[in-house]
Amino acid sequence: MRIVVRAADARIARDTQAALAAAGVEAAALPGAYRLAPDGEDIAIFPAESAHFDNASKLAADAARAEHPPLVSLLALPKASPLPVGLSAPDVFTGALALDAPPKLLNAQIEACVRVAIAESERTRRTATANAMGAALPQSVEPRKLKALYIGAPSAMFLALERALAEQGGLVAAAFSSYAGFDHLHDEPFDAVVLNGAQDTATAISLCAALRRNASLYHLPTMMVTAPGDRATAAAAIERGACTIVETNASYGPSLGWLFEAVRRERRRRAAEHDVRALRDVMGDPRTGLLKRLPFDTHLARLAGDHHHSGRPFALAVLRVTPAPGMREPTEQAWKRGFNEIASLAARLMRETDAGAAIGHDVIAVALTATDLKGAKRTAERIASVAECTAFASGDNGTGPLVFEQSTVELQPGESGAALLARALRALDLDFIPAESA
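Residues numbered from 1 in each chain as written. Predicted model: local features only at pLDDT ≥ 70, side-chain atom pairs only at ≥ 80, totals over all residues. Heavy atoms only, no water.

(A) Focus on the packing of helix α3 (residues 103-133) against helix α9 (residues 293-310). Packing of α3 against α9 leaves a shortest axis separation of 10 Å and a crossing angle of 135°. Judged by the inter-axis angle, α3 sits oblique to α9. Between α3 and α9 lies a crossing whose hand is right-handed. In this structure, α3 uses Glu 122, Arg 125, Arg 126, Ala 128, Thr 129, Ala 132 and Met 133 to contact α9, whose residues at the interface are Leu 294, Pro 295, Thr 298, His 299, Arg 302, Leu 303, Asp 306 and His 307. (Axes fitted to C-alpha atoms, helices over the stretch in contact; angles between N-to-C directions. Helix = DSSP H or I, 4+ residues; strand = E, 2+ residues; numbered from the N terminus. Parallel < 35°, antiparallel > 145°, perpendicular 65-115°, else oblique. Left-handed = near helix turned anticlockwise from the far one by under 90°. Contact = heavy atoms within 4.5 Å.)

Next comes the structure, spelled out in structure tokens:
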């Protein structure tokens, strides 16, 4: 991703660059009035000294009106001055960063904002493709009531959290043990979880790590409460995915502000990915969870055109599924059943924002937005490695292993979506199969 720091003051731009570099994020700086980034711009970061960010807002508005606006516009604020608590944020910004947060946390904030922006841009493209195909648009998910879960021994943090959510029409549930807490998390959805690690540090850290091992809870915004001066617990919590830390004797306001920033970001991600899945379903094959061939080709052309326009990378992975050498040839019915199972598995292994389709009777294509060749290879290898471990019914009396031939290509200047797919198929010695013949 091409990251650009924009600030009226050159010193502030340099300091922001240094903070990002410490977090492992490379960024160019363009101080002064708005001007186009020479090498393009995917992520624009606008540092502000405090919550008063008029200059940053003006620069962000100028960037949004550009011919090639950034995918993400982030307001960088001091950790002590987050955006106000609530479910709404300034429209001109995609989100906010705590610029003086620990490097790992700063890096995680940027990655999360990018994930949201990619999902929202893919929703826009899929909506356009669905309209072009004449498909009925699904209804967007209705926002649910704000709800947080507090886990651990009673503390003043619980009262502060309860008051903050009540002001937004939300509520807080409490569980005083990790076992009861996990029961709550599996029984009902929450927007955030607060772990009291001041009394039982080991349990809180273990629970924070357990959230990241659960696919449905991986992105759940998590706050860790620590004892005063307990830097080890704070570092361990951030390492395990916590989005904000607060000490028991500190003001809870700033940490609650960053918790709400994570909640806003996560709500946007869930809403966008829900719509992306729903649009896939109305244009897809219910047996596999992949797009049907004609909508896929239409969307592939749209993706290629969009990425040419923005200058962002775009890649395609193609996998050909064949019985392992020496194995008995399966019947047509057995192969069709088995290939549908593999296609369904591939649909679950790709990202929500990726678009996949079955090509012919033995090929799966996956279009990966905002992804380079290296990322496409990782996706193809992940699908192949998992699917190769799956037993395939080759007949009534036996099973046979599968082989996955892989081809990955990245969009070249001036190349169409159809040409990109044809190039990927040629690498596997396959002829291009038009949608009308598939």
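(B) Layout of the sheet that holds strand β10 (residues 244-247). On the basis of which strands lie adjacent, the open sheet formed by five strands has the order β7-β6-β8-β9-β10 and parallel pairing. Pairing within the sheet leaves two strands with one partner each, and these edge strands are β7 (171-175) and β10. Ignoring strand direction, the axes of neighbouring strands in this sheet form an average angle of 20°. Relative to β10, strand β9 (residues 222-226) runs parallel, the two sharing four bridges. The partner of Met 224 across the bridge, within β10, is Ile 245. Lying over the sheet, helix α6 (residues 201-212) contacts β6 (147-151), β8 (192-196) and β9, oriented at roughly 170° with respect to β9. Contacts from helix α8 (residues 253-282) reach β8, β9 and β10 within the one sheet, and its direction differs from that of β10 by about 160°. (Pairing = 2+ DSSP bridges.)

(C) Expanded view of helix α7 (residues 231-239). Among the residues of α7, Thr 233, Ala 234, Ala 236, Ala 237 and Ile 238 are the ones counted as buried. Tucked inside the fold, the buried residues of α7 contact α3, α6, β9 and β10. The first or second residue beyond α7 is Gly 241, which carries a positive phi of 100°. (Buried < 20%, exposed > 50% of the residue type's maximum accessible area, 1.4 Å probe, protein only.)

(D) Representation of unusual backbone geometry in the model. Its identity is not glycine, yet Ala 370 carries a phi of approximately 50°, on the positive side. With respect to the secondary-structure elements, Ala 370 resides in the loop between β15 (363-369) and α11 (373-387). The phi dihedral of Asp 429 falls on the positive side, at around 60°, and the residue is not glycine. Position of Asp 429 relative to the elements: it lies in the segment after α12 (417-426).

(E) Focus on the side chain of Ser 255. Assignment of secondary structure puts Ser 255 in helix α8. Once you skip the residues sitting within four places of it in the chain, Ser 255 turns out to touch Met 223, Thr 244, Ile 245 and Val 246.

(F) Representation of the sheet that holds strand β4 (residues 72-77) in the model. The strand order across the open sheet built from five strands is β2-β1-β3-β4-β5, with neighbouring strands paired in parallel fashion. The open sheet terminates on both sides in strands that have one partner only, identified here as β2 (28-31) and β5 (95-98). Within the sheet, the average angular offset between the axes of one strand and its neighbour, ignoring direction, is 30°. In this sheet, β5 lies alongside β4 in parallel orientation, the contact comprising four bridges. What sits directly across from Leu 77, in β5, is Ala 98. Taken strand by strand, helix α2 (residues 54-64) contacts β1 (3-7), β3 (43-47) and β4, and its axis lies near 160° from that of β3. Seen against the sheet, α8 touches β4 and β5 and runs at an angle of roughly 140° to β5.

(G) Region of interest: the packing of aromatic side chains. Considering all chains together, one arrives at three aromatic pairs under this definition. Aromatic side chains Phe 46 and Phe 93 sit 6.0 Å apart centroid to centroid with 65° between the ring planes, which places their arrangement in the edge-to-face category. Placement of the pair is Phe 46 in strand β3 and Phe 93 in the loop between β4 and β5, with a sequence separation of 47 residues. In this structure, Phe 46 and Phe 93 share a single accessibility class: buried. Considering the side-chain rings of Trp 335 and Phe 339, the 6.4 Å spacing of their centres and the 15° angle between planes classify their relative orientation as stacked. Separated by four residues within a single helix, Trp 335 and Phe 339 lie in helix α10 (residues 332-349), roughly one turn from each other. The ring of Phe 190 has Lys 147 lying over it, and the distance from NZ or CZ to the ring centre is 5.6 Å. (Phe/Tyr/Trp six-rings, centres within 6.5 Å; stacked < 30°, edge-to-face > 60°. Lys NZ or Arg CZ within 6 Å of the ring centre and 35° of its normal.)

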